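Commentary on secondary and tertiary structure
The chain contents come next:
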Amino acid sequence: MPPTLASLVRHPGLKLSVLAGEDRLETPVRWAHVSELADPVPYMEGGELLLITAMQIEAEDPEAMSRYVRRLVDAGVVGLGFALGVKYAEVPAALAAAAKEEGLPLIGVPRPTPFIAISKAVSAAIAADQYRAVTAGFEAQRELTRAAIGAEGPAALLARLASHVDGWAALYDVSGSVVAAAPDWAARRAARLTADVERLRSRPGPASIVVGGGGGGGGETGATGAEPAEDTAAADRVELQSLGTGRRTTRGVLAVGTGAPLGTAERYAVHSAVALLTLTTERSRALREAEQRLGAAVLRMLLAGEPDHARAVAGRLYGGLLDAPFRMLVAELPSGGAAQQPKAATPGADEAPPEPFAEATSTAAGTAMGTTPGEAEAADPLATLTDTMEAAAARIGESVLVVPDGERLIVLAPDGGAAVAACAEHARAVESRRGTKARPRDRTAATAPHGDELVIGLSAPAGPIAAAAAYRQAEQALSVARRRGRMLVEHEQVAAGSVLPLLADDAVRAFADGMLRALHEHDATGRGDLVASLRAWLSRHGQWDAAAADLGVHRHTLRYRMRRVEEILGRSLDDPDVRMELWLALKATAAGSSA
């Protein structure tokens, strides 16, 4: 505790007496200052004990003393020390009355006590208080460090921190979810601060914000562990601190709730907790890159058909992931309009998949700090997806293998696990923010994502032996997602709906235009409507009467037109492959004209 007027009065070497304001002696004293100015207020900061001999003031003028004392009180002066036996043997009645009227403590300083002795006493008490705060801070740091490296990890650290600040503490992961809190009831209080946590993430790191203003029962709740009333909890002072080592990397947020602003010792404890939590939640770059290289090696072996070698290399880090069905996920961030172009064909059943992991990079190293969820997804969608899946997996101790590959991301995650569910939820949230919710599958034209929008393909459940097939499935689902304008498509959805949206491609349209060009040129001369006749005949499965009725012509006229189609194209309509190609060409051109 800093020195107070009461502690100075009790000081045996000062022999001070209280002449007014006895009920305000517990006020802290920031400094003791001597001034004989008639108006010392411009030189005050607040919290001072002002020492005077009354040489330059009209101490016996009631009106002057009323103005003098009132200005001192307004400036935040906490006490007035009056030297007895210097100019006045006793405190003038006008000054004493003004002090009592304004509630300003008036302290009598006997002649043997020099002002410098009071200044030294205040200085020594402030230094002692600071030393106690530093000592308590170092002790808190030791306790928090022991807790952080213990078996309980962050949970034990938060419990120690809550005890040191006499309040509560909570930890949020990168997705903004509460992962630990102390005492237990604080998890519900912390859950109500999600919007403030997101607001903190909109600032460059390291950053902190304060929510609420104190006056609640934070001290009592920290001591007893009982949940405060709703109105009390809402009135506590909550400080949110970002965790991370740089502007772009935030691995979480620490919340500390108290009933009053933090003191020096409590501030030391909070800063120590921030540093320790950053160390425990922010893995070193070298370790992360090593894990990525190991994951890339495991994935390469799986795709090469060497599951036993992959399992041996995976060890304890990824070995558990290979003991149960997993999903293969391929995410891609197109660049330069690549989203509108089909990727190279995936390998055949007897071909080895390409090696997309020749050199694992750190594209998805972390979520951008200083952005809202929508802005973070736009700034680095691969990093946001990585953090979302890893955070969900970490909450339940689930293994997940993530291999960045330039503008792509390959992930192995347990089937039915938290990471896959988080990916699906993330995709729904992003599509909702974009205003591009899942489109009907029977649309004949699909709008591909923009060049800066993430697309994801998810395989069916597979085991280590079928990893190559799972990779091909994820690639196929990725291609379908791109063509359908969806962020996420699972392999089970590839065969669902209509094939027609898959024709919304420039290469397919070029083929269709080339195949039907001669017929369109014939129709342009006004010598018959061969394209419409061909479409009607194919839609009626070659039934002459039905197709002729649709066109409003005689069936012999339709037969003549179909012979002209064969002559112009040089293809036989008896060939089912020809009919199939013509029908798809007609549908592709129709999709192109309606897009």
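Here we summarise the structure given alongside this text. (Residues numbered from 1 in each chain as written. Predicted model: local features only at pLDDT ≥ 70, side-chain atom pairs only at ≥ 80, totals over all residues. Heavy atoms only, no water.)

**What about the nonpolar core?**
- If you look at the biggest cluster of nonpolar residues, it comprises 26 residues, and the most contacted ones within it are M65 and F82.
- Within the residue set of this core, elements represented by two or more residues are β3 (48-52), α2 (62-74), β4 (79-83) and α3 (93-102).
- Not counting chain neighbours up to four residues away, the residues in contact with M65 comprise I57, E58, A59, A94, L95 and A98. (Core = buried A, V, L, I, M, F, W, Y, C linked by side-chain atoms within 4.5 Å. Buried < 20%, exposed > 50% of the residue type's maximum accessible area, 1.4 Å probe, protein only. Helix = DSSP H or I, 4+ residues; strand = E, 2+ residues; numbered from the N terminus. Contact = heavy atoms within 4.5 Å.)

**Points about the pairing of strand β5 (residues 106-109)**
- Both faces of β5 are covered, namely the face carrying L106 and G108 and the face carrying I107 and V109.
- Alignment of strand β1 (residues 17-20) against β5, held across three bridges, turns out to be antiparallel. Note on β5: the bridge partner recorded for V18 is I107.
- Pairing of β4 with β5 involves four bridges; the strand directions are parallel. From the neighbouring strand, L80 faces β5, where its bridge partner is L106.
- Since β4 and β5 lie parallel, the crossover through α3 that links them has a hand, and here it is right-handed. (Pairing = 2+ DSSP bridges. Right-handed = clockwise from strand over helix to strand, strands pointing away.)

**Brief notes about the packing of aromatic side chains**
- Under the criterion given, the structure shown has two aromatic pairs.
- Both rings, one in F82 and one in Y88, keep their centres 6.3 Å apart while their planes meet at 40 degrees; by these two values the pair is tilted. Note on accessibility: F82 and Y88 belong to one class, buried.
- When the ring of W537 is compared with that of W544, the centres are 5.5 Å apart and the planes differ by 40 degrees; the resulting orientation is tilted. (Phe/Tyr/Trp six-rings, centres within 6.5 Å; stacked < 30°, edge-to-face > 60°.)

**Concerning the sheet that holds strand β11 (residues 326-332)**
- Taking strand neighbours across the sheet as the criterion, the five strands line up as β12-β13-β11-β14-β15 in an open arrangement whose pairing is mixed. Every interior strand has two partners, whereas the edge strands, β12 (401-405) and β15 (488-490), have only one. Neighbour-to-neighbour, the strand axes of this sheet turn through a mean angle of 15 degrees, independent of strand direction.
- Contacting β11, β13 (408-414), β14 (455-458) and β15, helix α16 (residues 467-484) crosses the sheet at an angle of about 40 degrees to β11. (Axes fitted to C-alpha atoms, helices over the stretch in contact; angles between N-to-C directions.)

**Brief notes about the packing of helix α18 (residues 530-539) against helix α20 (residues 555-569)**
- Following both chains from N to C, one finds α18 and α20 inclined at 110 degrees, their axes separated by 10 Å at the closest point. Accordingly, the angle class assigned to the pair α18 and α20 is roughly perpendicular. Seen from α18, the contacting residues are L530, S533, L534 and W537; seen from α20, they are L558, R561, M562, R564, V565 and I568.
- Broken down by class, the residue content of the contact of α18 with α20 amounts to seven nonpolar, one polar and two charged. (Parallel < 35°, antiparallel > 145°, perpendicular 65-115°, else oblique. Nonpolar A, V, L, I, M, F, W, Y, C, P; charged D, E, K, R; others polar.)

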